[in-house]
Amino acid sequence: MEALEKERPAEGQIPHVKDHPPVKFGQVGVLLVNLGTPDGTSYWPMRRYLAEFLTDKRVIEWPKLLWYPILYGIVLSKRPQKSGKAYEEIWNKELDESPLRTITRSQSDQLAESFGKEFPNVVVDWAMRYGNPSIKSRLANLKEQGCDRILVFPLYPQYAASTTATVNDEVFRALMEMRWQPAIRTVPPYHDDETYVDALAESVKRKLSELEHEPDVVLTSYHGIPQSYFKKGDPYHCHCMKTTRLMREKLGWDKDKLRVTFQSRFGPEEWLQPYTDKTVEKLAQDGVKRIAVMEPGFVSDCLETLEEIAGEAAEIFEENGGEEFTHIPCLNDSDLGMKVIETVVRRELQGWA
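Please read all numbers here as calculations on a predicted model, not as lab measurements.

(A) Structural view of helix 11 (residues 303-319). Where helix 11 bends most, at isoleucine 309, the angle is about 30°. All buried positions along helix 11 are accounted for by Leu303, Glu304, Thr305, Glu307, Glu308, Ile309, Ala313, Ala314 and Phe317. Directly beyond the C-terminal end of helix 11, a positive phi value near 110° is found at glycine 321.

Structure (structure tokens):
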């Protein structure tokens, strides 16, 4: 105690005590977290990524005795090649990485630049729930930079246990290994945030203004979850429906014009419906010639938006008689997208920055 009283520490530094390791403090961290990405498109990087993703109990809730023989015996022997080929179609060849990594890094960099002068004590970083950079490594990096308070931002507007909750799980697992834990805040779902809904509506208007003819139907396609998860109390379906309802009100459209569908189902279970691919097929078969599809639940364009929707769904529509298919990009790191991220972060940092 005498050593502490004799020396007055510099701001942001632990007072010098013999043999005490130097520790920084006083900074506030913001960690943007997206779903994840493989490090490459070849078999082993894809297998590592898929194994981490598909062994998460929040993602696949089947008992291990039932799921693991299927996963390691069938899925991980075949799916890495298939997924790798899909990733190759959208891969950022210049940077040798997936678009999701490119966009998430840009979102972090732009947020850091925006906050830099106004909040000099805020440090912004980014991580992936699956793959690299890991949540654990980036939390450690923020801690080393003196962040004793960290805001974790799971980049999912609509809450689901298999997305938002698993990010939070991983954050707190990392904290369990820390002796001096930073204080943690996590961003709640923002599916009905006015800035977010305004940005979605404006992105639709901007894209449609580029077209010669307005689509007859616009689909808001959300990543699906199994019906069993919904029945257990997951609020995801309700959040998706509310986002689209608010968009309708903002755009002045009805339910026939702006519809909800769900994509990316996996396995034998029944998932949330209507399915995007089946809806696109039926619309074309019913004589609808022009449609547009957007994905409000995805903050950044990725495999599910660029390959599954802009690629596969467009082919399904045209093969069944459709003529004009328009993909409306995610908000990404555009001015609209960054306004949403910055608005949410500013709100959740109140009292800290």
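(B) Here's a closer look at the pattern of salt bridges. This structure, assessed with the given rule, holds 25 salt bridges. Here aspartate 286 makes a salt bridge to lysine 282, at a shortest N to O gap of 2.7 Å. The class for lysine 282 is partly exposed, based on a relative accessible area of 48%.

(C) Broad picture of the sheet that holds strand 7 (residues 290-294). Taken together, four strands build an open sheet; the order of strands is 6-5-7-8 and the sheet is parallel. In this open sheet, the two strands that pair with only one neighbour each are strand 6 (258-263) and strand 8 (324-328). The mean angle between the axes of side-by-side strands here comes to 25°, regardless of whether they run parallel or antiparallel. Judged from the five bridges that link them, strand 7 and strand 8 form a sheet pairing that is parallel. Looking across to strand 8, one finds that arginine 290 is bridged to glutamate 324. Together, strand 7 and strand 8 form the strand contacts of helix 7 (residues 194-209), whose direction differs from that of strand 8 by roughly 140°.

(D) Examining the nonpolar core more closely. Counting 45 residues, the largest nonpolar core has Leu111, Phe153, Val345 and Leu349 as its most contacted members. Mapped by element, the contributors of at least two residues to this core are strand 1 (27-37), helix 4 (99-116), strand 2 (122-131), strand 3 (147-154), helix 7, helix 9 (236-251), strand 7 and helix 12 (335-348). The dominant element in this core, judged by the number of residues it contributes, is helix 7, at seven residues. If near-sequence neighbours (up to four positions away) are discounted, leucine 111 is found in contact with Val30, Leu32, Val124, Met338, Ile341, Glu342 and Val345.

Definitions and cut-offs
Residues numbered from 1 in each chain as written. Predicted model: local features only at pLDDT ≥ 70, side-chain atom pairs only at ≥ 80, totals over all residues. Heavy atoms only, no water. Bend = angle between axes of the 7 residues up to and from the residue. Helix = DSSP H or I, 4+ residues; strand = E, 2+ residues; numbered from the N terminus. Buried < 20%, exposed > 50% of the residue type's maximum accessible area, 1.4 Å probe, protein only. Salt bridge = Lys/Arg side-chain N within 4 Å of Asp/Glu carboxyl O. Pairing = 2+ DSSP bridges. Axes fitted to C-alpha atoms, helices over the stretch in contact; angles between N-to-C directions. Contact = heavy atoms within 4.5 Å. Core = buried A, V, L, I, M, F, W, Y, C linked by side-chain atoms within 4.5 Å.

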